[in-house]
Amino acid sequence: MEVKTNYKYLENISLEEALEKYIRKINESGLILGKEEIPVEESYGRITCEGVFANISSPHYSASAMDGISLMANKTFGATPTTPVILKEIDDFVWLDTGDPLPSNCDAVVMVEDVIKLKDGSIQLISSATPWQHIRQIGEDICAGEMILPSNSKIEAASIGAMLAGGVLKVKVWEKPIIGLIPTGDEIVAPKDNPKEGEIIEFNSSIFSAMIRGWGGKSITYKIIGDKLELIKEGLAKAAQECHMIVLNAGSSAGRDDYSAKAIGDLGEVIAHGISIKPGKPTILGVINKKPVIGVPGYPVSGIIVMEKLFKRVLQTMQKVEFPPNQEKQAILSRPIMSTLKYKEFVRMKLGVVDEKLVATPLNRGAGVVTSFVKADGILEIPLNLEGIEAGSKITVQLLKDESVIKNTLVAIGSHDPLLDTIYDLMRKKDYKKHLSSAHVGSMGGIMAIKRGEAHLAAVHLLDERSGVYNSSFIKKYFPKGGITLVKGVKRLQGLMTVKGNPKGIKNLQDMTRDGVVYVNRQKGSGTRILLDYLLACDGIKTDSIYGYEREEFTHMAVAAQIASGSADTGLGIFSAANIYNLNFIPLYEEEYDFIIPERFLELEDVQNFLEILTSKEFEKILKTMGGYKLEQIGQIHRMDVN
Ligand SMILES: Nc1nc2c(c(=O)[nH]1)N[C@H]1C(S)=C(S)[C@@H](COP(=O)(O)OP(=O)(O)OC[C@H]3O[C@@H](n4cnc5c(N)ncnc54)[C@H](O)[C@@H]3O)O[C@H]1N2
Ligand code: MOO
C-alpha cells in the first residue's frame, strides 16, 4: 500500500529576504499594539506610545544646592583674608540646608565650610560670593511643558525619576505584546523526572518564555497539542484571538506528522516556509488574523536561533524599539569548520584568552544539544556560499557573555573525567568571578591544543605501551623543546561497565566478542580508546570481532548512560562514571590521569587556583565519595626536561 505523506518541497530563501518580506507583510496588515496608562513607578522597561511632557518644573522653586547660608551676594563683595566681611544673622543672611527654598531677598548661597562662625552669632567671610552661586534655579532640570521622553522610547531607570520630578504620575505605554507559545508533538510531555522511552520533555516553551520576558513581552504557554491537524488549527485559532503573536513549536519540517505549515496556511497565509539558515531551515513565517505566526523548528538549538534571528526582529518592529546588537569580537579559530554552501550557519563557540589571544573553538553543532548554548560564549555566523573556514583564520564572533567572563576563564582541553566538574564547582565556590571551560576532545586532542597555544592545561591519560609508563613519554615526544610541566592528578580505575546484575555474564574482554554482546566505544584519540586497543592487543582480540567497536561516545558519562539505558551491554570506562549510573564494574587497569601545563602558565592566578583546589581537603573528600581514585601524588609538579 502506498503511504501518503503531506510532503512538500521547502523553499530556501535567505534570512534577509525572508525578514524583509515578512516585516513588510506585518506592517501592511496594520497590526499595532493597544495603549495603556500605567503608574510611572511601574513603567521600567516599557515603551512610551506618546511623548511625555513635564507638568511642573523641576525644581519648581529656587533651591539651595548646598548646606550653608543664603544672602545677597553684593554684601560679600570685597571680602578677602585681609579684609574679611562680617555679617549678622537675619539682617544679612539666613542659615539653610541643601534643598531648602531660597528666601526671596537672597541671590546666593555660601557653603558652610567657607563660613567662619564668630562667638556672638555673626559670621565672617574671607572671599566674595557671586550672584546665583550654589542655587538650583526653577526648572534647572526641566521646565513645565518641556518634553521628557518622545514617543516610542524605552523607559529606563533615570526616566522614571525625571517623569516623577516633572509631576508626571501616569504614563501612556504600548501594551506588552502577548505571545502565545504552542508546543506540539505526540511525543512531547510536560517536564517530569522520569520520562518513558519515546517521551520528550517539553522545555522549548520555557526557553522561549524567558527570552520573550527579556525582550519586553509576555507569554502564554498553551497545552501541548498532539500531531493532529484539526487540533493544531483549533489551538492556533484560540491563540490568534488571545495573543498578539504566536510561536507554533515543532512540526515545521515536511514529515508525515508535520502539520504546522498546513495549519497556518488553512487559517491564514504562509509567507515563507524554508529559510537558508542552519539550524532553523524549516522555519515557517505566517500570518493569521493580522497576527504574526512563526513556525519554529522543534529542535531546541534551532528554536533558540530562530527566536534570536527572526522572532526578535518581528517583536522589535511590533514594539517599535531597537534591541542593542550583540557585541562582536575578533578571535582566532582553533580548528577547521566545514559549512554548507546552501545555508548561512550559526555555530556556537567557546572562547578563551590564552597567551593574550582570543581563541574560538566550535562547540557541538547538533540541533538537539541545548547544553551547547549553556556553554557557548559566542556565535560565529558563516555566510552562504562558504565551504568552511580554516584553522588559524581570524573570525568575528558575536558575544553571548560578557568579556570579563571570557577573560576570567581557565581553558582546559583534553580527556574527560567527572572530577573536572567538581573542580569547576569548587572554583566557583571559591571565587564567583572565575570560570573553567573544559572541552572533552580526548588526551591527544588536549596535547594538540596545548601545542597550538589554545589551552592553559590538558587532562591526559596516555599509556606508553612499550614502557607501561603514563603520560611523560608523550610529553617528551610532542614537546621536544620542553617548557612543559606534568602535574600529577589521580590514579583511577578503568574497567568494564555493565548494568547491575550483569545479565550477559561479562567477566573480561574476551566476553565482548560473544554473539549478542553490544559494546559502546570511546572516540579515537581518547586515552580510554588507546587503553582498550592496548588491552585487546595484549589478549590477541581483533577489534572487528566486537559488535559496537565503531560506535563512539565522547565521555565516560555518555558511555555509562548508553549502558544504563540498555542500548549497549558494556563499555570501557572509569569507576566513578559507573558509580554515578549505578552500574556494575569489572576492574581491568589502574591508570594515571594527569594534567599537562606549559611552564609559562604556572604562575597565572587561574592556574594557581586550580592547583590549590586539586590539593584541597574538600576535593579529596568529594573524590572519596565518587570512588575509584587514588590521590597519592596529586598536585606534584614535574618539570619535563628537554630531550
Ligand atoms: N526528512 C527530513 N527530516 C527532517 C528535515 C528535513 O529536511 N528532511 N529537517 C530536519 C531539521 S533541520 C529540523 S530543524 C527538524 C525540524 O523538526 P520539526 O520542527 O518538524 O519538529 P519535530 O520533528 O516535531 O521535532 C524535532 C525534535 O525537536 C524536539 N522537540 C520538539 N518539541 C520540543 C519541545 N517543545 N521541547 C523540547 N524539545 C522539543 C524533539 O527532540 C523532537 O525530536 O526536522 C528535521 N527532520
Ligand atoms: O534546520 Mo535544522 O534547525 O538544521 O536543525
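The rules we used
- Residues numbered from 1 in each chain as written.
- Chains lettered and ligands numbered in written order.
- Predicted model: local features only at pLDDT ≥ 70, side-chain atom pairs only at ≥ 80, totals over all residues.
- Helix = DSSP H or I, 4+ residues; strand = E, 2+ residues; numbered from the N terminus.
- Rg over C-alpha atoms; globule rule 2.2 N^0.38 Å.
- Buried ≥ 20, exposed ≤ 12 C-beta atoms within 10 Å, placed from the backbone.
- pLDDT = per-residue confidence, 0-100.
- Contact = placed C-beta atoms within 7 Å.
- Core = buried A, V, L, I, M, F, W, Y, C linked by C-beta atoms within 7 Å.
- UniProt positions renumbered as here; feature names shortened; annotations may be inferred.
- Near = placed C-beta within 6 Å.
- Nonpolar A, V, L, I, M, F, W, Y, C, P; charged D, E, K, R; others polar.
- Domains from an automatic or database assignment.
- Pairing = 2+ DSSP bridges.
- Axes fitted to C-alpha atoms, helices over the stretch in contact; angles between N-to-C directions.
- Arc of directions from axis to C-beta.
- Parallel < 35°, antiparallel > 145°, perpendicular 65-115°, else oblique.
- Left-handed = near helix turned anticlockwise from the far one by under 90°.

Peer 1: Now, about the overall build of the protein: what can you tell me, with residues and values included?
Peer 2: Scanning the protein from N- to C-terminus turns up 16 helices and 38 strands. By the compact-globule yardstick of 26 Å for 643 residues, the protein is too spread out, its C-alpha radius of gyration being 34 Å. Overall, the C-alpha framework of the protein stretches about 110 × 70 × 45 Å when taken along its three principal axes. Counting over 643 residues, the protein shows a buried share of 40%.

Peer 1: Please give an account of the confidence of the model for the protein that cites residues and values.
Peer 2: Where the model shows low pLDDT, its predicted coordinates should not be examined in detail. Summarising the model, the protein shows a mean pLDDT of 93, and 98% of its residues fall at 70 or more. Confidence drops under pLDDT 50 across residues 1-8; counting only partners more than four residues distant or on other chains, this segment forms 4 contacts.

Peer 1: Can you break down the nonpolar core residue by residue, with the values?
Peer 2: Within soluble globular proteins, side chains that are nonpolar generally end up buried alongside one another. In this structure, Leu236, Ile246, Val247, Ala458 and Ile596 are the most contacted members of the largest nonpolar core, which totals 126 residues. Ranked by residues supplied to this core, first place goes to helix α6 (residues 300-319) with 9 residues. Residues in contact with Leu236, not counting those within four places in the same chain, are Ile182, Ile246, Leu248, Ala263, Ile264, Leu267, Ile288 and Val293. Grouped together as the second largest cluster of nonpolar side chains are 15 residues, Leu102, Cys106, Val110 and Ile123 included.

Peer 1: Please provide a residue-by-residue account of the UniProt feature "domain: MoaB/Mog" (unreviewed entry) in the protein, values included.
Peer 2: UniProt tags residues 180-318 as "domain: MoaB/Mog" (unreviewed entry). When the span residues 180-318 is considered, its composition is 37% helix and 25% strand, and the gap between its end C-alpha atoms is 15 Å.

Peer 1: Provide a residue-level description of the environment of Gly280, including the pertinent values.
Peer 2: Here Gly280 shows up in the loop between β19 (277-278) and β20 (284-288). Sequence separation between Gly280 and Ala18 is 262 residues; the distance between their C-alpha atoms is 13 Å.

Peer 1: Which residues make up the site of ligand 2, and what values go with them?
Peer 2: Residues in close proximity to ligand 2 include Lys278, Pro279, Gly280, Lys281, Pro282, Pro297, Tyr299, Ser302 and Ala367, which together make up its full environment. Residue classes in the shell around ligand 2 are distributed as 5 nonpolar, 2 polar and 2 charged.

Peer 1: I'd like to hear about the domain arrangement of the protein, residue by residue, with values.
Peer 2: Many descriptions give the size of an interface as the accessible area lost when the pieces come together. The assigned domain composition of the protein is domain 1 (15-32 + 177-319), domain 2 (35-58 + 141-174), domain 3 (63-136), domain 4 (328-401) and domain 5 (444-639). With centres defined by C-alpha atoms, the gap from domain 3 to domain 5 works out at 80 Å.

Peer 1: Please give an account of the site of ligand 1 that cites residues and values.
Peer 2: Taken together, 25 residues are adjacent to ligand 1, and Asn204, Ala250, Ser252, Pro297 and Gly298 come closest. Of all the secondary structure elements, the ones that give two or more residues to the shell around ligand 1 are α3 (204-214) and α6. Looking at the shell around ligand 1 residue by residue, the classes come out as 11 nonpolar, 11 polar and 3 charged.

Peer 1: Could you give an account of the sheet that holds strand β6 (residues 93-96), naming the residues involved and the relevant values?
Peer 2: Spatial strand order, β6-β4-β7: 3 strands in an open sheet with antiparallel pairing. Looking along the sheet, the strands with just one partner apiece sit at the ends: β6 and β7 (108-111). In this sheet, neighbouring strand axes are inclined to one another by 30° on average, regardless of whether the strands run parallel or antiparallel. In this sheet, β6 lies alongside strand β4 (residues 68-71) in antiparallel orientation, the contact comprising 4 bridges. The partner of Ser70 across the bridge, within β6, is Val94.

Peer 1: Mind laying out helix α5 (residues 260-267), listing which residues take part and the relevant values?
Peer 2: Buried within α5 we find Ser260, Ala261, Ala263 and Ile264. Take α5 and look down its axis: the buried residues cluster within an arc of 165°, on one side only. At its buried positions, α5 is contacted by α4 (229-242), β17 (245-249), β18 (269-273), β20 and β21 (291-296).

Peer 1: Residue-level account of the packing of helix α9 (residues 419-430) against helix α15 (residues 605-614), with values.
Peer 2: For any two helices packed against each other, one specifies the inter-axial angle together with the distance between the axes. The contact between α9 and α15 brings their axes to 10 Å, and the two run at 110°. With respect to α15, the element α9 is oriented roughly perpendicular. The hand of the α9/α15 crossing is right-handed. Together, Ile423, Leu426, Met427 and Lys430 of α9 and Asn609, Phe610 and Ile613 of α15 make up the contact between the two elements. Its residues placed into classes, the contact of α9 with α15 shows 5 nonpolar, 1 polar and 1 charged.

Peer 1: Residue-level account of the sheet that holds β18, with values.
Peer 2: Hydrogen bonds between backbone groups are what pair the strands of a sheet, and the pairing can be parallel or antiparallel. Read across the sheet, 6 strands follow the order β16-β13-β17-β21-β20-β18 without closing on themselves; strand pairing throughout is mixed. If you trace the sheet from one side to the other, it starts and ends with β16 (218-221) and β18, each paired once. Put simply, the sheet's adjacent strands are angled 20° from each other on average, direction ignored. When β20 meets β21, the two strands line up antiparallel, connected through 5 bridges. From the neighbouring strand, Ile288 faces β21, where its bridge partner is Lys291. α3 rests against β13 (178-183), β16 and β17 of the sheet, and its axis sits at about 165° to β13. Against the sheet, α5 engages β17, β18, β20 and β21, with an angle of about 25° to β20.

Peer 1: For unusual backbone geometry, give the residues involved together with the corresponding values.
Peer 2: Cis geometry marks the peptide bond from Ser58 to Pro59, where omega comes out at -10°. Position of Pro59 among the secondary structure elements: in the loop between β2 (52-53) and β3 (63-64). Following Lys278, the chain continues into Pro279 via a peptide bond in cis, with omega recorded as 0°. Tracing the sequence through the fold places Pro279 in the loop between β19 and β20. Here the phi dihedral of Asn582 falls at roughly 55°; this positive angle occurs in a residue that is not glycine. Inspection of the secondary structure assignment puts Asn582 in the loop between α14 (575-580) and β36 (584-598).

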